[in-house]
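Okay, here's what each chain looks like letter by letter:
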Amino acid sequence: MFENLIGLVAIIALFVIISRQQNRIGLIERELGALRSLVLSGAAPKPTEQAAADGKLDEAPVAVAAADIASPAAGEPITAQGPATEVEALTGEVLAGPWNAGEAAQKATEPAAPAAAAKAARRSDVETALGTRWAVWVGGIALALGGLFLIRYTIEAGIFGPGVRLTMAAVLGVVLVAAGEFIRRTGFKVPVQGAAGAYIPAVLTAAGAFILFGAVYAAHGIYGFIGPALAFTLLGAIGIATIAAALVHGQALAGIGLVGAIVTPMLVAPQAPNPWALFGYLAIVLAATGVIARMRDWKLLMAAAFAGTGIWTVLYMMDAPGASLSAILFIDAVTLAVLAFAWLGRRGGETDPAKAFDWPSIVPGLFIAFSALGLSVDPVFAAAGYALPGAVLLAAMVAVALYRPLALPLLYAAGLATALIYLGIIPPTSITSDFSNGVLGVDGSPLAIANTLTLRIGLALGLVFIGAGLWAARRFAAATQIRAASWAAWGVVVPLVILLALWLTFGDLDRDFAYAAVAALLVVVFAAGGEWVARAEEPPLKGGMAVSFALGGAAVAGLLMLHMAYDSGWTTVLLGAATIMPALATRWRSYPVLGWIAVGAVIAVLGRVAFDPTIVGAEFLSRTPVFNWLLLGYGIPALAFGFTAWQLARTTNGRPRLAMEAAATLFALLTIAMLVRHAMHGGIINSDAPTLAEQAIYTLIAIGAGAILVAIDRRSPSSVLRYGSMAAGVVSAAFVIVQHFLVLDPLFTDESTGRIPVFNLVFLAYLLPAVAAGGLALYARGKRPKWYSAMLALVAALLAFAYATLSVRRLFKGEFIGLWSGLGQLETYTYSALWLVIGVALLTGGVWLRSQVLRVASAVLIAVAVLKVFLFDMSELEGVLRALSFIGLGAVLIGIGLFYQRLLTRAARETVSVGEQ
C-alpha cells in the first residue's frame, strides 16, 4: 500500500513538471533577456534614486542579477533566505513560480486590486509547492526506498543471487550520487524563491548515500561477503563522502542521510542484527554526523543523531537475556566521545553566563542515563553483576559534564538516574512502629536488588558527586551562577539520597551510630564546601545559590544525623534547639540561606510533633504534671525559636525572622495547651474530645496569648506579632462560639458543674473568659482595628450573659443543669429580671466606655427580654409573678427612655453652647 501511494504521488508530480517545463524555460529566457537589455542600456532608473525621488526608500525594489545567486559549492544553497532574482527585483514582488512571469510583468505596469493580487499569490503558491518542492521531496524518497525495496524483492523472489543484488544496489546508489553532482556542476540553480528546500542535487545525493549504506551493511551483516574491517572501512568512506556532500549541498542532505542511515538496519534486516555490526555502523554514522553538525552548528541534526543511536540502544537492551554488555558500553562510550570531542570540541560558551548549557546534550544524557539505570535496576542485568558498569557510565557522564561545561544536562541525567537507583532499593511499603518496645522497623520488598556491591557503589558515587559538585561549583561561582548552583545541588542531593537509602536498607532504624557518623561527616564537608565556594564568588562571601545548596545540604545531613543517633524524644528536642546554630552563624556571615535553614528546622519539628504529639510515645510519657517530656519537647523548641528570632532581628532580619517569631509564639501556646491537657486527663493527651473545663483553659490561653502579642508588638513592632495577635483573638472567639455555647455547653451535655457554689465550672468556663475577653477588647482599642475590639467586646458580653443565666439555672437546679429538667415559674421570672438588669448594665457600660457595641448588645438583650415577657411569661407565669414581670419590664423601659432623653438633651445643649462660642 505504501509503495503504491509513493508511486502515485511521484507520477502526478512528474506529469506536472513535464507539462510545465518548456513554458517555464521559454518565459525565463525571454524575461531575462529583456531585463538584461534594460539594465545595460540604462533605461531603468536606479532603485535608490527612484526611491529618493518618491520619498519612499523602504518601498524601493532591489535589483539583483540572477547570476548573483549563491553557488551551492560556495555557500548554503538550500536556505530559503536567498537573494531574489532579477525578475523578482524589477517587478517589485516575489514570484511564486517562473511560469507566472508574464502575468507578473503585466501587473508591475498596471495597478492591481489587493484582493486579486492576494488570490493570485495563493494560487501560484500551491502550484509552486506541488511542482517545485513536493515533487522533488517525494521523488527523492521514492528513489531511496525503491532501491531498498528492489533489494528486498529480489531476496524474497530469489531472482538474483546475493552478489548480483548487492551490485545492483551499489550501482544505483553511485548513479544517484553522480547524477546529483553532475546537476550541481552544470550550473543548476533554484529559479524560484521558496523552493530552495527542494534542492535537487542534495536530494539525489541523499538517496544515493541512503542506498549505499544499506548495500554495504547487508554485505557484511546479512551475507558475510566482507569482514568487519572492510565493512567499517566502506561505511566510514560513505560517511566521509556524505559529510563532504552535506558541506556542499547543505543541511537537507545531512538530515535525509541521517534518517536513511538510522532506518537502514531496520529496512534491510528486520530481524535482530549482529550487535557489533549494528553498533559499529551506528558509531560511524554518529561520528560523521557529529563532525558535520559541529562545522555548521546544526543543533537539530546533532540531537537527531543522538536520539537515533539512543533509540537503537534502548531497543537492544529490551532483549535483556541476549544483550551484550560490551556492545552497550561501546555505543555509550562512543556517544560520550562524540559529544565531548566532536560536537562540543572547540565550541564557545563555557564562560558565557547567558549560555548555561547546550540543549542537544539533553538527548544523549537521557539515553545514557537510561542505560545505566537499566544495568543497575533490571533484574537480569543486576543478577549478572552489571551494576558496576552502570555506575561507571554514571561517573563517565559526570566526568564529561565536568570536562565540557556546556554538557550540563549530563549532570542532571546522571544525578537523577543515581537517585532513582538508590530510591529503588528502599522497601516501598509502610514503615511500622512499635512504641511499646521502643523499636521502628520497615516491612516490604525492595524494587531493586541491594547487596554489598550496592553499598560500595553508593559510597563511590557519593564521593564522585561530592568532589565534582563542590569543585565545579567553586569553578563557576564567579562567572555562571546557574552552573555553579547545578553542580552544588547535585553534589549534595545525590549523596544524601544514597545515605538515606542505605540507612533504610542496611542500617538500624532505631539507632545507628555508624550512619550517624557518616551524616555528621557530610555536615562538616558540606558546610566547609559552602564556605570554600563562597570565597570564590564575585563579590566574595555573598552567599549565592551554590552556597545556599551546600549549606542546605549540611542542614539536611544534620537532620538525618539526629534521627539516626537519637530516639524520638531527643530528636525533637535537639532538632528544635538546632535552629540556634544558623542564627548564630549570621553574626559572621550574612548568607540569606541561614535564616531559611532555621525555618526549615521549624518545619521538621512540626512534622515530628504531628507524627507523635506525645514526643516519646504514649506508653513512655510520664503522668507527672508539667515536668515531663511535653515540657521538653514543646518548651525547648519554643525557647530556641524565640532566641533565633531575636538573633535574626539583630543581624539579617527579613522574612525568616518573622517566621521564627510566629513559630516561637505557636510553640509557646502548644506547650501550655499540651501541659494543660496532660494534667486535666491524668497524664493522657490522646483521649477523646476535651471537657468544658479543659476547653476553658485553652480559651484563656488564646486570649492571654493575644494580649501578650499585642504588648510585645508595642515594644518591637512586627507584622507577625500584629497579625498573630489578631489571629489569637479570632481563634478564642471561635472557641467560645463553637465549644462554650454549642458543643460543650452544660445545658446540652448535662455535665457536672461542680458542688462548690461560686467557684465552679460555670465560673471557669464563662465568667473568667468574659473578663479576659473584655479586658483584651479594652486593651486593644486604638492598637488594633475597630472590628477586632468590637468582636472581643461582643464575645465578652455574650459570655457574661451566659454566666449570669447559667448561674441562675444552677441556683434552681443544682449541680446538673440540663435543659430536660424543666423550668419553674420563679426561675422563669428570674431570667426576665436578670436579663433586664444585664441590659441596663450593658447600656451603662456602653455610655461610660463610649462603646457602640455594648449599647447595641444592651438593646438586643432588652429586646429579647421584652419578647420573653410578652410571649413566654404571659402564658407560663401566674398570679403575682406575671404582674411583677410586666411591672418590672415597664419600669425598666421607661427608665431607659428617660435616660436617653436626658442624654440627648444634654448633647443638644452642649452643641448649642459650642455654636454660640
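Just so it is clear, the structure is predicted and the values come from calculations on it, not from any experiment. (Residues numbered from 1 in each chain as written. Predicted model: local features only at pLDDT ≥ 70, side-chain atom pairs only at ≥ 80, totals over all residues. Heavy atoms only, no water.)

Asks: Whenever I open this one, the overall build of the protein chain confuses me. Can you help?
Replies: Each helix and strand counted, the protein chain has 33 helices and two strands in total. For the protein chain, the proportion of its 917 residues judged to be buried stands at 45%. When contacts within the protein chain are restricted to residue pairs at least 6 apart in sequence, those whose partners lie at least 24 apart make up 72%. For the protein chain, the exposed area adds up to about 43900 Å²; of that, 69% sits on carbon and sulfur atoms. (Helix = DSSP H or I, 4+ residues; strand = E, 2+ residues; numbered from the N terminus. Buried < 20%, exposed > 50% of the residue type's maximum accessible area, 1.4 Å probe, protein only. Contact = heavy atoms within 4.5 Å. Areas by Shrake-Rupley, 256 points an atom, 1.4 Å probe, with all protein chains shown as cover.)

Asks: Help me out: how do you make sense of the pattern of salt bridges in this one?
Replies: Pairing between side chains of opposite charge can happen when the charged atoms of each approach one another. All told, the structure shown has eight salt bridges when counted by the stated rule. Residue R589 is joined to E531 by a salt bridge in which the shortest nitrogen-to-oxygen separation is 2.7 Å. Taken together, the positions of R589 in the loop between α22 (580-585) and α23 (592-611) and E531 in helix α19 (residues 513-534) put the pair 58 residues apart, joining distant regions of the chain. On the accessibility criterion, R589 (24% relative accessible area) is partly exposed. Taken together, the salt bridges that share partners define one network made up of E531, R535 and R589. (Salt bridge = Lys/Arg side-chain N within 4 Å of Asp/Glu carboxyl O.)

Asks: Looking at this model, I keep getting lost on the environment of K868. Mind explaining?
Replies: Structurally, K868 can be placed in helix α32 (residues 852-876). Given the relative accessible area of 11%, K868 is considered buried. Placed 37 residues apart in sequence, K868 and Y831 show a C-alpha to C-alpha distance of 9.2 Å.

Asks: Looking at this model, I keep getting lost on α19. Mind explaining?
Replies: Since the α-helix advances by 3.6 residues per turn, residues separated by three or four positions end up pointing in the same direction. For α19, which comprises 22 residues, the first-to-last C-alpha distance of 31 Å matches the rise-based estimate of 32 Å (1.5 Å per residue) to within 8%. Residues of α19 that are buried make contact with α17 (452-476), α18 (481-506) and α20 (545-565). Here α19 starts with a cap whose side-chain oxygen sits 3.2 Å from the backbone nitrogen of A514, and that cap is D512. (Expected span 1.5 Å × (residues − 1). Polar contact = N/O pair within 3.5 Å; in protein donor to acceptor, adjacent residues only side chain to side chain.)

Asks: Teacher, can you tell me more about the nonpolar core here?
Replies: Core analysis: the biggest nonpolar cluster contains 120 residues, and M397, Y422 and W487 have the highest contact counts within it. Beyond its immediate sequence surroundings of up to four residues, Y422 is in contact with T454, I457, G458, L461, I498, A501 and L502. Grouped together as the second largest cluster of nonpolar side chains are 30 residues, L761, V762, A765 and A777 included. (Core = buried A, V, L, I, M, F, W, Y, C linked by side-chain atoms within 4.5 Å.)

Asks: Mind showing me how you'd approach a nonpolar patch on the surface here?
Replies: A cluster of nonpolar side chains, contributed by I737, V738, L742, V743, F748, L794, L798, L819 and W820, occupies part of the molecular surface with about 850 Å² of accessible area. Among the secondary structure elements, those contributing two or more residues to the nonpolar patch are α27 (719-743) and α30 (786-813). Mapped onto the secondary structure, L798 falls in helix α30. Among the residues examined, L798 registers a relative accessible area of 34% and is labelled partly exposed. (Patch = residues over 30% accessible without salt bridge, like charges linked within 9 Å, V, L, I, M, F, W, Y side chains within 5 Å.)

Asks: I tried to follow unusual backbone geometry on my own but got confused; where do I start?
Replies: In most cases, non-glycine residues show a negative phi, while peptide bonds are predominantly trans. Between E538 and the following residue, P539, the backbone shows a cis peptide bond with an omega angle of 0 degrees. Positionally, P539 belongs in the loop between α19 and α20. Residues other than glycine seldom take positive phi values, yet V626 does so here, at roughly 65 degrees. Its place among the elements puts V626 in the loop between α23 and α24 (629-650).

Asks: Even after reading the chapter, I still don't get the side chain of E537, so can you show me in this structure?
Replies: For E537, the position within the fold is in the loop between α19 and α20. In this structure E537 is buried but unpaired, with K542 as the nearest side chain of opposite charge at 5.7 Å. (Lys, Arg positive; Asp, Glu negative; His and termini not counted.)

Asks: So what exactly am I meant to see when it comes to helix α6 (residues 162-185) here?
Replies: For α6, built from 24 residues, the straight-helix expectation of 34 Å at 1.5 Å per residue is met to within 8% by its first-to-last C-alpha distance of 35 Å. For α6, the set of buried residues is R165, L166, A169, G173, L176, G180 and R184.

Asks: Teacher, can you tell me more about the packing of α30 against helix α31 (residues 825-849) here?
Replies: Pairs of packed helices are described in terms of their axes, by the angle between the two and the distance that separates them. Contact pair α30 / α31: the axes reach a minimum separation of 10 Å and the direction vectors enclose 155 degrees. Here α30 is positioned roughly antiparallel relative to α31, judged by the angle of their axes. Considering the relative orientation of α30 and α31, their crossing is right-handed. Along the contact surface, α30 presents A797, F801, A804, T805, V808, R809, F812 and K813, while α31 presents L826, E827, T830, Y831, L834, W835, I838 and L842. Each residue belonging to the contact of α30 with α31 can be placed in one class, and the counts come to eleven nonpolar, two polar and three charged. (Axes fitted to C-alpha atoms, helices over the stretch in contact; angles between N-to-C directions. Parallel < 35°, antiparallel > 145°, perpendicular 65-115°, else oblique. Left-handed = near helix turned anticlockwise from the far one by under 90°. Nonpolar A, V, L, I, M, F, W, Y, C, P; charged D, E, K, R; others polar.)

Asks: Got a minute to help me understand the packing of α19 against α20 in this structure?
Replies: Running from N to C, α19 and α20 point in directions that differ by 165 degrees, and their axes come no closer than 8 Å. Classified by the angle between their axes, α19 and α20 sit roughly antiparallel to one another. As α19 packs across α20, the resulting crossing turns out to be left-handed. The residues of α20 that touch α19, namely those facing F513, Y515, A516, A519, A520, L522, V523, F526, A527, G530, V533 and A534, are A546, V547, A550, L551, G553, A554, A557, G558, L560, M561, M564 and A565. Here the residues of the contact of α19 with α20 are counted per class, giving 21 nonpolar, three polar and no charged.

Asks: I keep staring at the packing of aromatic side chains and nothing clicks. Help me out?
Replies: Taken as a whole and judged by the stated rule, the model has 14 aromatic pairs. Consider the rings of F279 and Y316, whose centres lie 5.3 Å apart with planes at 85 degrees: the pair is edge-to-face. With F279 in helix α10 (residues 275-296) and Y316 in helix α11 (residues 299-317), this pair connects stretches of sequence that are 37 residues apart. Summarising the burial analysis for this pair, F279 and Y316 share the class buried. Relative to F667, the ring of Y634 lies with its centre 6.4 Å away and its plane at 35 degrees, an arrangement referred to as tilted. Of this pair, Y634 sits in helix α24 while F667 sits in helix α25 (residues 655-680), and the two are 33 residues apart along the sequence. Owing to a relative accessible area of 0%, F667 belongs among the buried residues under this scheme. One aromatic cluster is present, built from ring pairs that chain together Y634, F641 and F667. Over the face of the ring belonging to F476 we find R483, whose NZ or CZ atom lies 5.6 Å from the ring centre. (Phe/Tyr/Trp six-rings, centres within 6.5 Å; stacked < 30°, edge-to-face > 60°. Lys NZ or Arg CZ within 6 Å of the ring centre and 35° of its normal.)

Asks: Sorry, what's going on with the environment of A206 here?
Replies: For A206, the location among the structural elements is in helix α7 (residues 200-221). Look at A206 and you get buried, because its relative accessible area is 0%. Considering only alpha carbons, one finds A206 and G173, 33 residues apart in sequence, at a separation of 9.3 Å.

Asks: What is the right way to read the environment of R714 from this model?
Replies: Structurally, R714 is set in helix α26 (residues 692-715). When near neighbours in sequence (up to four residues on either side) are disregarded, R714 contacts Y779 and K783.

Asks: For this particular structure, what's the right way to read the side chain of D612?
Replies: Take D612: it is sitting in the loop between α23 and α24. Buried and unpaired, D612 has R608 as its nearest opposite-charge partner, separated by 4.8 Å. Looking at D612, its side chain comes within polar contact range of the main-chain nitrogen of G617, at 3.1 Å. Leaving out residues up to four positions away in the same chain, D612 has contacts with S568 and G617.

Asks: It is not clear to me how the confidence of the model for the protein chain should be interpreted in this structure. Could you clarify?
Replies: When pLDDT drops low, the exact placement of atoms in the prediction is not to be read closely. Here the protein chain averages 76 in pLDDT, while 70% of its residues score no lower than 70. Across residues 126-134 the pLDDT falls below 50, and counting only partners more than four positions away or on other chains, this stretch makes 21 contacts in the model. (pLDDT = per-residue confidence, 0-100.)

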